[in-house]
Amino acid sequence: MNSIYSFTIYTSTAELPANWDDLSISTVFLSKNYLEVLERSCPENMLCNFIGIFDDEILVGIAVSQFLNLNKLASFGERDKCVKTVVRNIVFRNFASHVLVIGNNMLTGQNAYAFANLVDKKKATQALHDATNQLKKTFESKGIPIHITTYKDFSDQEIKNFETPAFKKDYQFSTQPNMVFSIHENWKSEQNYIDSLSKKYRDQYKRARKKASGIAKRKLNLEEIILLEDTIYQLYFHVARNAPFNTFFLPKNHFRVFKEVFKDKFLCYGYFIEEKLIGFNTLIKNGEVMDTYFLGYDDSIQRENMLYLNMLYDMIAYSIKKEFKEIVFARTALEIKSSVGAKPIKMYGLISHSNPLVNPYMSKIFKYLEPETIWQQRNPFK
């Protein structure tokens, strides 16, 4: 076996090796199908590349990279209007607007790479580092200097693969946790889940369900997603724009393309009051894991009818019924997700700035880039 692995960078899914999907079994988010969704409907300020890692001629690793141009964003998030936010936005515009992500900035979890079983993981991450440097050179040759490079969303075990000289100057960070809901093997129905809740959280469940009694829910097929595309997008955009921080906005055709490519593995549920769409959520079947994806709602109705909480209960009910092992609820809304039973999983990443004078201060700068969220973990079970 060679001591050094080589790499190839691909700009389109049509170029990918025929056996690419042999390595994407760990996550659907590295499969050709998903990369095609990215290719056809990724955010306007994002450019994706795909990386193959080789031992001689044999494909032993696959990875995804995303270049983000934050100058193309009209807003980084409109919820928090404080001095710290203003400073952060100035910092971003001037010193951190060109970001190269090894991984997937649209998802939470390890969707950056997959390696073959017998691969030397440290040598493979070295090849990933070499590919990243090549990508930076390619962008620079087009007049686009990369300010920030980040490798994202690894568990405490996976981050150890980066303990090599190539990454020693990178700042290791931990952001908001990934909220993961484990489905008990004895649960066969939603009622089993309800029975496992303590009285306080059973009461919360009953109250939420009562509040949503006037809302009809149904699974949307491709034709309905296309028909309701404008409303779906408005509902998504309202929620996304009011998040504390954004680095992208989905294009309008994103959910349609996802459904076209993924068919029954992509679920979109619409919530209606008298045939008017007032909310939606999306789910992706990822092996034994159910990944929650983007959602949207009318804010006035969500508050009055506890719509978001009802969506979480619906996702749990469906995943239990279909015998999934866990639900990835991702980041954001940490407290409400913990109130239905999701647990925080700490995630790690690496970040570096192209300016060596900036790097020693990355720990301080990072606090502006990723503001800390204060939240209280709940335990709803008996």
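Structural data are supplied above this passage.
Since this is a predicted model, take the numbers as computed values, not measurements. Per-chain numbering applies: the sequence of each chain, read as written, is numbered from 1 onward. Where local features are concerned, this predicted model is filtered to residues with pLDDT of at least 70; where side-chain atom pairs are given and counted, the filter is 80 or more; whole-chain, interface and lining totals use all residues. To obtain the side-chain values, all non-hydrogen atoms of the structure were used and water was disregarded.

All right, on to the environment of Phe 266 then. Helix and strand definitions follow DSSP, with helices as H or I runs of at least four residues and strands as E runs of at least two, each counted in order from the N terminus. Positionally, Phe 266 belongs in strand E10 (residues 266-273). Exposure remark for Phe 266: the relative accessible area of 0% places this residue in the buried category. The spacing of Phe 266 and Asn 286 is 20 residues in sequence and 9.6 Å in space, taken between C-alpha atoms. Not counting the four nearest positions on each side in its chain, Phe 266 is found in contact with Phe 255, Phe 258, Lys 259, Thr 282, Leu 283, Ile 284 and Tyr 293. Residue burial is assigned from relative accessible area. The probe radius is 1.4 Å, only protein chains are included, and a residue is buried under 20% of its type maximum, exposed over 50%, and partly exposed in between. Every residue pair with non-hydrogen atoms within 4.5 Å of one another is taken to be in contact.

Turning our attention to the packing of aromatic side chains. How two aromatic rings sit relative to each other is given by the distance of their centres and the angle of their planes. Side-chain rings of Phe, Tyr and Trp, where Trp is taken by its six-membered ring, are said to pair if the distance between their centres is within 6.5 Å; with planes under 30 degrees apart they count as stacked, over 60 as edge-to-face, and otherwise as tilted. Summed over the entire model, instances satisfying the criterion amount to 34 aromatic pairs. A ring pair is formed by Phe 181 and Trp 187, whose centres lie 6.0 Å apart and whose planes are at 40°; its orientation type is tilted. Like Phe 181, the residue Trp 187 is buried in the burial classification. Judged by centre distance (6.2 Å) and plane angle (75°), the ring pair of Tyr 236 and Phe 255 falls under edge-to-face. Of the two residues, Tyr 236 sits in helix H7 (residues 229-241) while Phe 255 sits in helix H8 (residues 254-262), which places them 19 residues apart along the sequence. According to the relative accessible area criterion, Phe 255 is buried, its value standing at 2%. In this structure, Lys 217 is placed above the aromatic ring of Tyr 269, and the distance from its NZ or CZ to the ring centre is 4.4 Å. Only when the NZ atom of a Lys or the CZ atom of an Arg is both within 6 Å of the ring centre and within 35 degrees of the ring normal do we say a charge sits over the ring. Arg 218 extends its terminal NZ or CZ atom over the ring of Phe 272, reaching a point 4.1 Å from the ring centre.

Another aspect to go through is the sheet that holds strand E8 (residues 178-182). Strands in a sheet are paired, the pairing made by backbone hydrogen bonds, and the direction either parallel or antiparallel. Between any two strands, at least two bridges found by DSSP are needed for them to pair. Overall, mixed pairing links the seven strands, which are arranged E9-E10-E11-E12-E13-E8-E14 in an open sheet. Strand pairing shows two members of the sheet lacking a second neighbour, strand E9 (216-219) and strand E14 (343-345), which therefore form its edges. Within the sheet, the average angular offset between the axes of one strand and its neighbour, ignoring direction, is 30°. Bridge count for E8 against strand E13 (residues 326-330) is four bridges, and the pairing is antiparallel. Bridged to Phe 181 within E13 is Ile 327. In this analysis an axis means a line fitted to C-alpha atoms, helices contributing only their contacting stretch, and an angle means the value between N-to-C directions, from 0 to 180 degrees.

Counting residues in hydrophobic clusters, the biggest one holds 57 residues, and the most contacted among them are Tyr 34, Tyr 236, Phe 255, Phe 262 and Tyr 293. Judged by nonpolar contacts, the second largest core, of 39 residues, contains Ile 215, Tyr 308, Ile 320 and Phe 381. Among buried residues, the Ala, Val, Leu, Ile, Met, Phe, Trp, Tyr and Cys ones that are joined through side-chain atoms within 4.5 Å form a nonpolar core.

With that settled, consider unusual backbone geometry. One non-glycine residue, Lys 263, lies in positive phi territory at about 50°. Examined against the element boundaries, Lys 263 turns out to sit in the loop between H8 and E10. Even without being glycine, Ala 330 reaches a positive phi, approximately 65°. Its location among the elements puts Ala 330 in strand E13. You can call Ala 330 buried: its relative accessible area is 15%.

Because each turn of an α-helix spans 3.6 residues, side chains separated by three or four positions end up pointing in the same direction. Here helix H5 (residues 199-211) is 13 residues long and its end C-alpha atoms lie 18 Å apart, about the 18 Å a rise of 1.5 Å per residue gives. When H5 is considered as a whole, its buried residues turn out to be Tyr 201, Gln 204, Tyr 205 and Ala 208. For H5, the buried positions fall inside an angular range of 100° around the axis, keeping them on one side. Those residues of H5 that are exposed and angled more than 90 degrees off the buried face are Lys 199, Lys 206 and Lys 210. A helix's residues, less one, multiplied by 1.5 Å, set its expected span. Note that the arc is defined by the directions from the helix axis to the C-beta atoms.

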